[in-house]
Amino acid sequence: MSSLSIQATDGTGRFDALLVRPKSEPAGCVVLIQEIFGVNAAMRALSEWVADMGFIALCPDLFWRQEPNVDLDPDAGQAQWERAFALMNGFDQMKGLEDLAATIAAARALPGSNGKVGTMGFCLGGRMAWRTAVGTDAECHVSYYGVGIEGMLDDAPRIKRPLLMHIAEKDKFVPPEAQSAILAGVKGHPQITAHVYPGVDHAFARMGGHAWDARAATIANGRTAEFLVKHLG
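Residues numbered from 1 in each chain as written. Predicted model: local features only at pLDDT ≥ 70, side-chain atom pairs only at ≥ 80, totals over all residues. Heavy atoms only, no water.

Colleague: Sorry, what's going on with the sheet that holds strand S1 (residues 2-7) here?
Modeller: Spatial strand order, S1-S2-S4-S3-S5-S6-S7-S8: 8 strands in an open sheet with mixed pairing. Both edges of this open sheet fall to S1 and strand S8 (192-197), since each of them pairs with a single strand only. Across the sheet, the mean angle separating the axes of adjacent strands is 20° when strand polarity is ignored. Looking at chain direction, strand S6 (residues 140-144) and strand S7 (residues 163-168) are connected through 4 bridges and run parallel. Opposite Val-142, over in S7, you have Leu-164 as the bridge partner. Across the sheet, helix H3 (residues 93-109) touches S1, strand S2 (14-20), strand S3 (27-33), strand S4 (56-60) and strand S5 (113-122), and the angle it forms with S5 is around 150°. (Pairing = 2+ DSSP bridges. Helix = DSSP H or I, 4+ residues; strand = E, 2+ residues; numbered from the N terminus. Axes fitted to C-alpha atoms, helices over the stretch in contact; angles between N-to-C directions. Contact = heavy atoms within 4.5 Å.)

Colleague: Help me understand helix H5 (residues 176-186), please; the structure alone is not making it clear to me.
Modeller: Side chains that are three or four residues apart share a direction in an α-helix, a result of its 3.6 residues per turn. Considered for burial, the residues of H5 that qualify are Ala-178, Gln-179, Ile-182 and Val-186. Angularly, the buried residues of H5 cover 100° about the axis, an arc narrow enough to put them on a single face. Away from the buried face of H5 by more than 90 degrees, exposed residues Pro-176, Glu-177 and Ala-184 are located. Of the residues flanking the end of H5, it is Gly-188, one or two places downstream, whose phi is positive at about 80°. (Buried < 20%, exposed > 50% of the residue type's maximum accessible area, 1.4 Å probe, protein only. Arc of directions from axis to C-beta.)

Colleague: Just to check I follow, could you spell out the nonpolar core for this structure?
Modeller: If you look at soluble globular proteins, the nonpolar side chains tend to sit buried side by side. Residues Leu-32 and Phe-204 are the most contacted members of the largest nonpolar core, which totals 66 residues. Excluding its chain neighbours within four sequence positions, the residues that come into contact with Phe-204 are Tyr-145, His-166, Ala-168, Tyr-197, Ala-211, Trp-212, Asp-213, Ala-216, Ala-217 and Ala-220. Core analysis: the next-biggest nonpolar cluster, separate from the first, contains 16 residues, Trp-130, Met-165, Val-174 and Ile-192 among them. (Core = buried A, V, L, I, M, F, W, Y, C linked by side-chain atoms within 4.5 Å.)

Colleague: Explain the pattern of salt bridges to me, please; I cannot follow it from the model alone.
Modeller: Working definition: two side chains of opposite charge can pair if their charged atoms are close together. In this structure the tally under the stated criterion is 13 salt bridges. Notably, a salt bridge pairs Arg-108 with Asp-137, separated by 3.1 Å at the nearest N-O pair. With a gap of 29 residues between them, Arg-108 in helix H3 and Asp-137 in the loop between helix H4 (124-135) and S6 connect regions that are remote in the sequence. A relative accessible area of 46% places Asp-137 in the partly exposed class. For Asp-201, the salt bridge identified is with Lys-172, shortest N-O distance 3.2 Å. Taken together, the positions of Asp-201 in the loop between S8 and helix H6 (214-232) and Lys-172 in the loop between S7 and H5 put the pair 29 residues apart, joining distant regions of the chain. Residue Lys-172 is classed as partly exposed on the basis of its relative accessible area, which comes to 48%. Among the charged side chains, a salt-bridge network with shared partners connects Asp-10, Arg-65, Lys-95, Glu-98 and Asp-99. (Salt bridge = Lys/Arg side-chain N within 4 Å of Asp/Glu carboxyl O.)

Colleague: Please explain the environment of Gln-191 as it appears in this structure.
Modeller: The residue Gln-191 is located in the loop between H5 and S8 in this model. Taking the C-alpha atoms as reference, Gln-191 lies 7.1 Å from Ile-159; in sequence the two are 32 residues apart. When near neighbours in sequence (up to four residues on either side) are disregarded, Gln-191 contacts Ile-159, Lys-160, Arg-161, Pro-162 and Leu-163. In this structure the side chain of Gln-191 is engaged in a polar contact, spanning 3.3 Å, whose partner is the backbone oxygen of Lys-160. (Polar contact = N/O pair within 3.5 Å; in protein donor to acceptor, adjacent residues only side chain to side chain.)

If you want it as structure tokens, here you go:
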């Protein structure tokens, strides 16, 4: 596990990305997109999981314009949540998209990369995975319980590469009416596959978290693994 420094394309500075390499290269790359808690223990564990599957994992620090290297624990109390929501509210998503595009370009240029890059995001990152599907040239995208996607469905026709969506039926941040709108908005789209996981809450795939559900997470992660192998090699 190491760190890669990436130049922001708007010339305002550089930001760090966690880098975890697989045992064998060349390999496809997966850009992991953080939750609202920064590049924390959960994102480090997910990066290691991706590398264990045989991909190069890159997890950029998207909050760097507000505060570099944020590392919060969602299970450590209300103060951590309040700080996370403040950072989320101060986050410029379009600048974040620029930073993700820069990370995708850096991933393609890495020694050991086979040139194929996917994105995978959780919560806020799930929303940003939709944005990367709309606005970047990555080969594929995975969105876990993305928030607010129901307000972005007009962009669905712009998605030209495969997008896999994991939706929690009991997601407190994505109510039933929002889920219905999302499912209706992506129905029949040739590049989008959406799965709903019954009876589980937001962050059901965060191992060790309060909403962790082993069965749903195993099914979702298995689908993700097959999807990444298919599109990234």
